[in-house]
Amino acid sequence: MVLAERNALRTDLGAVRAVDTICAYCGVGCGVKLHIDDRDRIVWVDDQPANPSSQGMLCVKGRFGLTFVNHEDRLTKPLIRRPSAGGGTVLEEATWDEALDYVAEKFIEHRDSFAVLASAKATNEDGYVLQKMTRLLMGTNNIDHCTRLCHSPSVEAMLRQLGSGATSNSYEDYDNAGCLMVVGTDTSSNHPVIASRLRRAIDERGTKLIVVNPKRIDLCDYATYFLQPNPGTDVALFNGLAKVIIDEGLLDERFVRERTRGFEEWAASLADYTPERVQEITGVPAEDVRGAARVYARPPVPRGLEGIFAEAAAAKGYGGSCLIWGMGVTQHTCGTDNAHALLNLALVAGQIGRPGNGVSPLRGQNNVQGCGDAGCIPDNLPGYQGLGDANRAKFEKAWGAPLPSEPGLRATEMFELAARGRLDCMYITGENPLLSEPYIAHAEEAIKKLKFLVVQDIFPNETAEYADVILPATSFAEKDGTFTNSERRVQRVRKAIEPLGDSRPDWEITADLARRIARRLEMPVAQFNYEHPSQIFAEMASLTPILGGISYARLEALQEEGIQWPCPDADHPGTKRLYTETFNVGPRAPFVPVEQGPPAAELPSRRFPLLLNTGRVLYHWHGGTITRRARTLLARSPELQIAINPQDAARYGVKDGEDVVLYSKRGDLSGKALVTDAVRPGDVFVPFVKLQEHNANFLTNAVYDPKSRIPEYKVCAVRIERAGAPQVWRRGRRESVGPGRG
């Protein structure tokens, strides 16, 4: 559509003003221009060419999916659960004073058994105030967020080997790399703008692409190598790639000698991972293992490099490689080992710390990086400052009271304890664990056992059905603040419309609640007297060295540029890539030997002969709480599809488009069969969005990686049956599997 047509259409839709801000979907951090009509409704969304992360691109969700902001289902009044005339209970509207006074009293009552689930959809300022209230007033580090369910293995491994869980490079390094290795992510569906940049590098610069995924994805059409390993065998594959690099003399000897430690011990641990042995374990042909290793370690110099990228390639005589991964490798019981194996590969090839290379765990939610930066994790204060005496003393001096020293509960541990009746009270903001937790029936039992539950969100959801109090929050479009994207870029979120109904920004609700708690506990009320999120950011920056040089004034002066942390002082320009000279763990990064173990906690059996893999689709985001309320997106993807290989479809008599039922030991779900060779024989794929009352987490297994405590969403054993098959009606359906079931 040409510019003149766009302008005419916006006028026809009644747009009267526009506001530049940041998209609320995924961690890419795209710039958007919201066009608003005279009734404060978003009627059109344009891209923002000046935004360096998105460069004028938007995906279908960013361009057509932000209308959820004005959806009629929005929560606009506080609700309190009260006795009903029929003998049960009912949620009734209340004033903010009624709701917050009640919550304050109940939180104090359960102060010794309290936990918080923060939101990675909210701003940095929302997260900072929430963790401050939790630590300072509730006296606990029991706060976590969705990173536990997506990239906690990446963070665990990266903290141990590199000293930071953040992406080491910038998106511009993808544009100038000689090789892109994309592991366990359907980038075209999850992060479409990143996928566009990858395709552009391949088309324009001749960049090589290696895709590692058990499911064929769109990017495979551009791949030099498509490695399709058996689920749960990633350690063997990456150990095998590393062994080829060493055996063929392709390692970066100087980098290994000067920038790493523990090489000899680690290299010895790879002895059994010959390409032929790797083929036996993973199913990936040995020649493809050798070929992919050669391309990753010695990629070609891309066409048309300029500046620092040309200089870096000239110094080495070959191009850089970017290692990009998603939840396909992290959501396993061996997720942390998988991440270590990836980092070992980058270290031995010296593919980290220079222009055109690096390691990148792509973030799922829009502000999952910032939520961790702000301190919404159980074992670190803001800025990943540990809970040791010196760090606590700094925050105690600023906040005026002692802080807890013991690490708190991780998100998955909260629900396990609640299920055992050992956690009484939770404050859940902007999350819906009764869609996102594995084995939802188990999570539902845990929620039911809580003695007091507060849900703070923009829409009613499955978890809120059990809440004692529901607090209506504003969306991203109704507040000021900052998000931090996957390349560590802090960007300004700008208020575009007034809050709907009586909804309030999360930071404002939490600060108001905190003042009421502080008053009752005779603690410092003034610690929560914020009038604008800029004051919150200034306090956070003053206590957080990686953000020390960032302020609202600088962000506004730079307009859409944003600033990449670490940015220690006001004269610092920000940091495009980490580890150029040293690591946060010291001058040398350690190799960590890891061995291939059992591929999963649950494997196929006679009764459940197929392996379930879960993931995303382009038109929905996470559980679908938001995208199911974007009419355009729902119209393109209205029902749950169960992808099955043609061989398996023939074996079980399933036809494309037919209604089928999928069973695991924990439950069942219904959907439409999608017969496709994108999945391997023996595998089925189901997106984890909830559609027509069915969700993949009715089936997934609540077992965890022992190091990061991430659930094993990616592998469990299932059985498929036609919906009308006699065995289905003879057996009937389970009475209670997940909330909201029909």
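Computed from a prediction, not measured in an experiment: that's the story for all the values here.

Asks: Account for the overall build of the chain, naming residues and giving values.
Replies: Counting secondary structure elements, the chain contains 28 helices and 28 strands. Its C-alpha atoms give the chain a radius of gyration of 25 Å, near enough to 27 Å, the size a compact globule of 742 residues would have. C-alpha atoms of the chain, sized along the principal axes, occupy 75 × 70 × 60 Å. Put simply, the chain has 742 residues, and 64% of those count as buried. Across the chain, contacts joining residues at least 24 apart in sequence account for 74% of those joining residues at least 6 apart. Carbon and sulfur atoms form 48% of the exposed surface of the chain, whose accessible area is close to 26,000 Å².

Asks: Go over the sheet that holds strand β28 (residues 716-722) with me, naming the residues and quoting the values.
Replies: Read around the barrel, six strands follow the order β21-β25-β22-β24-β23-β28 and close on themselves; strand pairing throughout is mixed. Going across the sheet, the axis of each strand differs from the next one's by a mean of 45°, ignoring polarity. Judged from the six bridges that link them, strand β23 (residues 659-664) and strand β24 (residues 667-675) form a sheet pairing that is antiparallel. Considered in β24, the bridge of Val-660 is made with Gly-671.

Asks: Can you explain the side chain of Asn-380? Please cite residues and give values.
Replies: Structurally, Asn-380 can be placed in the loop between α18 (368-373) and α19 (389-399). According to the relative accessible area criterion, Asn-380 is buried, its value standing at 11%. Among the polar contacts made by the side chain of Asn-380, one reaches the side chain of Asp-379 at a distance of 3.3 Å. A distance of 3.4 Å separates the side chain of Asn-380 from the backbone nitrogen of Gly-386, its partner in a polar contact. Aside from chain neighbours lying at most four places away, what touches Asn-380 is Arg-135, Gly-375, Gln-385, Gly-386 and Leu-387.

Asks: Run through the environment of Asn-230, naming residues and quoting values.
Replies: Of note, Asn-230 is situated in the loop between β10 (225-227) and α10 (234-247). The class for Asn-230 is partly exposed, based on a relative accessible area of 24%. Setting aside its immediate chain neighbours within four residues, Asn-230 contacts Ile-281, Thr-282, Gly-283 and Arg-680. A distance of 3.1 Å separates the side chain of Asn-230 from the backbone oxygen of Ile-281, its partner in a polar contact.

Asks: Describe the packing of aromatic side chains, with residues and values.
Replies: Throughout the structure, instances matching the rule amount to 16 aromatic pairs. Ring centres of Phe-107 and Phe-452 lie 6.3 Å apart, and the angle between their planes is 85°; on these two criteria the pair is classed as edge-to-face. Placement of Phe-107 in helix α3 (residues 96-109) and of Phe-452 in strand β15 (residues 452-457) is noted, with a sequence separation of 345 residues between them. Judged on exposure class, the residue Phe-107 and its partner Phe-452 are both buried. Put simply, the rings of Tyr-102, Phe-107, Phe-114, Tyr-427 and Phe-452 pair up and form one aromatic cluster. Its end group placed over the ring of Tyr-663, Arg-719 keeps NZ or CZ at 4.7 Å from the ring centre.

Asks: Give me the lowdown on the pattern of salt bridges, citing residues and values where you can.
Replies: Per the counting criterion, the structure on display carries 54 salt bridges. Among the ionic contacts, a cluster of salt bridges with common partners joins Asp-97, Asp-101, Glu-105, Arg-504, Glu-508, Asp-512, Arg-515, Arg-516 and Arg-520.

Asks: Could you give me a rundown of unusual backbone geometry, with the residues and numbers involved?
Replies: Put simply, Trp-565 and Pro-566 share a cis peptide bond, and its omega is 0°. By the element assignment, Pro-566 lies in the loop between β19 (563-564) and β20 (589-590). The backbone phi angle of Cys-26 is positive, close to 50°, even though this residue is not glycine. Mapped onto the elements, Cys-26 comes out in the loop between β1 (15-22) and β2 (31-37).

Asks: Hey, could you go over the sheet that holds strand β16 (residues 469-472) for me, with residue numbers and the actual values?
Replies: Reading across the sheet, the seven strands line up as β5-β4-β16-β15-β14-β6-β7 and stay open at both edges, with mixed pairing between neighbours. Lying at the two open borders of the sheet, with one neighbouring strand each, are β5 (89-93) and β7 (143-144). Where strand β4 (residues 79-83) lies against β5, five bridges are found, and the strand directions are antiparallel. In the sheet register, Pro-83 faces β5, and the bridge partner there is Thr-89. Sheet contacts for helix α20 (residues 411-419): β6 (114-117), β7 and β14 (425-429); angle to β6, the most-contacted strand, approximately 135°.

Asks: Tell me about the packing of helix α13 (residues 275-282) against helix α14 (residues 286-297), and name the residues and values.
Replies: Running from N to C, α13 and α14 point in directions that differ by 115°, and their axes come no closer than 8 Å. Here α13 and α14 pass one another in a crossing that is right-handed. Side by side, α13 and α14 meet where Pro-275, Glu-276, Val-278 and Gln-279 of the first sit next to Ala-286, Val-289 and Arg-290 of the second.

Asks: How would you summarise the pairing of strand β12 (residues 321-325) if you had to cite specific residues and measurements?
Replies: β12 sits mainly inside the fold: five of its five residues count as buried. Residues of β12 alternate between two faces, with Ser-321, Leu-323 and Trp-325 on one and Cys-322 and Ile-324 on the opposite face, all of them buried. As defined by bridge partners, β12 adjoins strand β13 (residues 358-361) across four bridges and the pair is classed as parallel. When the bridges of β13 are listed, Ile-324 appears paired with Ser-360.

Asks: Report on the side chain of Asn-461, specifying residues and quantitative values.
Replies: Inspection of the secondary structure assignment puts Asn-461 in the loop between β15 and β16. A distance of 3.2 Å separates a polar atom in the side chain of Asn-461 from a polar atom in the side chain of Asp-457. Within the local environment of Asn-461, its side chain forms a polar contact with the backbone nitrogen of Thr-463, the two atoms lying 3.0 Å apart. If sequence neighbours within four positions are ignored, Asn-461 has contacts with Glu-431 and Asn-432.

Here is what the cut-offs are and how they apply
- Residues numbered from 1 in each chain as written.
- Predicted model: local features only at pLDDT ≥ 70, side-chain atom pairs only at ≥ 80, totals over all residues.
- Heavy atoms only, no water.
- Helix = DSSP H or I, 4+ residues; strand = E, 2+ residues; numbered from the N terminus.
- Rg over C-alpha atoms; globule rule 2.2 N^0.38 Å.
- Buried < 20%, exposed > 50% of the residue type's maximum accessible area, 1.4 Å probe, protein only.
- Contact = heavy atoms within 4.5 Å.
- Areas by Shrake-Rupley, 256 points an atom, 1.4 Å probe, with all protein chains shown as cover.
- Pairing = 2+ DSSP bridges.
- Axes fitted to C-alpha atoms, helices over the stretch in contact; angles between N-to-C directions.
- Polar contact = N/O pair within 3.5 Å; in protein donor to acceptor, adjacent residues only side chain to side chain.
- Phe/Tyr/Trp six-rings, centres within 6.5 Å; stacked < 30°, edge-to-face > 60°.
- Lys NZ or Arg CZ within 6 Å of the ring centre and 35° of its normal.
- Salt bridge = Lys/Arg side-chain N within 4 Å of Asp/Glu carboxyl O.
- Left-handed = near helix turned anticlockwise from the far one by under 90°.

By themselves these figures say nothing about function.
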